[in-house]
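Summary of structural features
Below, each chain spelled out in residue letters.
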Amino acid sequence: MKSMEELVNEYFRPNRLPHLWCPGCGNGVVLGALLKAIDAEGLAKDDVAVISGIGCSSRASGYVDFNTGNTLHGRALPISTGLKMARPDLNVITLSGDGDCSAIGGNHLIHAARRNIGLTLVVFNNSIYGMTGGQYSPLTPQGARATTAPYLTIEPSFDILALAEAAGATFTARATTYHVPILVDVLRKGIRHEGFSIIEAVTGCPTNFGRQNKLAAPAMMMEWQKEHGVMKAAWDKMDPAQREGKFPIGVLSERTDLKEYTKAYDEIIERAQSGKEAASA
């Protein structure tokens, strides 16, 4: 596998550097893992499209030398859907943050998963709105502190992968910025998967989440990920008490029995052009 320096030289737009992420931010680790996955899969840059919304993580699309688009807040998935419909040959990778994807973009997530369209969604989950001041998001852990929850959050957080799977996602996976080899592996599998894949990348925000929750040192956030992330095989053997406060990592679910949306749509086009009526259900 290529070194990080080689990956930066090959895949970054040098005129867009230096980046504006804070010191210790985990977003660069997630982006680096994604570049390693793309490179390991042997994908040509012209065959990859990276689409993002708004937020800290969504700035990533502007740094990399693929077909890219930085779109509206919460709207990365519908833009990605339109692109995949127009160019089903492209490997469309959508980058979104926990707030961008699960709050204003939550409805789009549900329907992209329901359609089983061939997108790879990477959710940078740093548990906070990092760019706009440290407000809590739907993925902020219950009992955490945020600028909009100075006396701690009382709302339970989404399990975004369980939500996506229930909506129809045919591939779900999770890893952290501590478990980089696992993150690269699940990203590769998600890119290869034919259908809607979602990978939650648990990352750290020392500046906003960390300072408010006694995890201001980046190493502390990595240590937390190490202690709380559990491989799926071990997770399945744990009882509810052992699972308390922890989360599974690796591939969590995968289905291959559902047709990918653009292929199903091509069949509709063929049927319409041939004049054949659809068989009654």
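That block above? That's the structure.
First, a word on what this report is: a plain description of the structure on this page. The model shown is predicted, which means the values in this text are computed figures rather than measured ones.

The rules behind each value
Residues numbered from 1 in each chain as written. Predicted model: local features only at pLDDT ≥ 70, side-chain atom pairs only at ≥ 80, totals over all residues. Heavy atoms only, no water. Helix = DSSP H or I, 4+ residues; strand = E, 2+ residues; numbered from the N terminus. Salt bridge = Lys/Arg side-chain N within 4 Å of Asp/Glu carboxyl O. Buried < 20%, exposed > 50% of the residue type's maximum accessible area, 1.4 Å probe, protein only. Pairing = 2+ DSSP bridges. Right-handed = clockwise from strand over helix to strand, strands pointing away. Core = buried A, V, L, I, M, F, W, Y, C linked by side-chain atoms within 4.5 Å. Contact = heavy atoms within 4.5 Å. Polar contact = N/O pair within 3.5 Å; in protein donor to acceptor, adjacent residues only side chain to side chain. Axes fitted to C-alpha atoms, helices over the stretch in contact; angles between N-to-C directions. Parallel < 35°, antiparallel > 145°, perpendicular 65-115°, else oblique. Left-handed = near helix turned anticlockwise from the far one by under 90°. Nonpolar A, V, L, I, M, F, W, Y, C, P; charged D, E, K, R; others polar. Phe/Tyr/Trp six-rings, centres within 6.5 Å; stacked < 30°, edge-to-face > 60°.

Bringing unusual backbone geometry into the picture now. For the bond from L17 to P18, the omega torsion is 5°, close enough to zero to count as cis. Of note, the phi angle at S127 is positive, near 65°, even though the residue is not glycine. Among the structural elements, S127 can be located in the loop between β4 (119-125) and α6 (160-167). One non-glycine residue with positive phi stands out, namely L152, at about 85°.

Right, let's talk about the pattern of salt bridges for a bit. What the rule picks out here adds up to 13 salt bridges. Measuring nitrogen to oxygen at the nearest pair gives 2.5 Å for the salt bridge that ties E10 to K2. Close ionic contact of R188 with E41 constitutes a salt bridge, the shortest N to O distance being 2.6 Å. Taken together, the residues R188 in helix α7 (residues 180-192) and E41 in the loop between α2 (27-40) and β1 (48-52) connect sequence positions 147 residues apart. A relative accessible area of 21% places E41 in the partly exposed class. Ionic contacts of the salt-bridge type, sharing partners, join the residues K2, E10 and D39 into one network.

What follows covers the pairing of strand β5 (residues 171-176). Put simply, side chains in a regular strand alternate between the two faces of the sheet. Across the six residues of β5, six count as buried, placing the element largely inside the fold. Burial of β5 is two-sided: the residues F171, A173 and A175 facing one way and the residues T172, R174 and T176 facing the other way are all buried. Pairing of β5 with strand β6 (residues 197-202), which is carried by six bridges, proceeds in the parallel orientation. Its bridge partner being in β6, T176 is matched across the sheet by V202. Read as a crossover between parallel neighbours, the route from β5 over α7 to β6 is right-handed.

Time to look at the nonpolar core. Counting 37 residues, the largest nonpolar core has L34, I38, F66, I93, L95, L183 and L187 as its most contacted members. Beyond its immediate sequence surroundings of up to four residues, L187 is in contact with A33, L34, A37, V122 and I199. Counting 20 residues, the second-largest nonpolar core is a separate cluster that includes L77, A112, L139 and I198.

Glancing now at the side chain of D39. Residue position: D39 is located in helix α2. At 3.0 Å, the side chain of D39 forms a polar contact with the side chain of K2.

What follows covers the packing of helix α5 (residues 106-115) against α6. Running from N to C, α5 and α6 cross one another at 45°; their axes reach a closest spacing of 7 Å. Classified by the interaxial angle, the pair formed by α5 and α6 is oblique. Between α5 and α6 lies a crossing whose hand is right-handed. The segment α5 lies against α6, with L109, I110, A113 and R114 engaging I160, L163, A164 and A167. Its residues placed into classes, the contact of α5 with α6 shows seven nonpolar, no polar and one charged.

Let's shift gears to the packing of aromatic side chains. Applying the stated criterion across every chain yields a total of four aromatic pairs. Relative to F66, the ring of Y11 has its centre 5.5 Å away and its plane inclined at 25°; by these criteria the two rings are stacked. With a gap of 55 residues between them, Y11 in helix α1 (residues 4-11) and F66 in the loop between β1 and β2 (67-70) connect regions that are remote in the sequence. The same class applies to Y11 and to F66, which are both buried. Taken together, a centroid distance of 5.4 Å and an interplanar angle of 85° make the contact between W21 and Y63 edge-to-face. With W21 in the loop between α1 and α2 and Y63 in the loop between β1 and β2, the pair connects residues that are 42 residues apart, well separated along the chain. Judged by relative accessible area, Y63 falls into the buried class, the value being 5%.

Our focus in this paragraph is the sheet that holds β6. The strand order across the open sheet formed by eight strands is β2-β1-β3-β4-β6-β5-β8-β7, and the pairing between neighbours is mixed. Looking at which strands have only one partner, the edges of the open sheet turn out to be β2 and β7 (229-231). If you compare each strand with its neighbour and ignore which way they point, the axes differ by 20° on average. Seen against the sheet, α6 touches β4, β5, β6 and β8 (247-254) and runs at an angle of roughly 175° to β6. Helix α9 (residues 218-228) contacts β5, β6, β7 and β8 of the sheet and is inclined by roughly 35° relative to β7.

Their axes nearest at 10 Å, the elements α1 and α2 cross at an angle of 80°. For the element pair α1 / α2, the angle class is roughly perpendicular. Here α1 contributes M4, L7, E10 and Y11 to the contact with α2, which in turn contributes G32, L35, K36 and D39. Looking at the contact of α1 with α2, its residues break down into four nonpolar, one polar and three charged.

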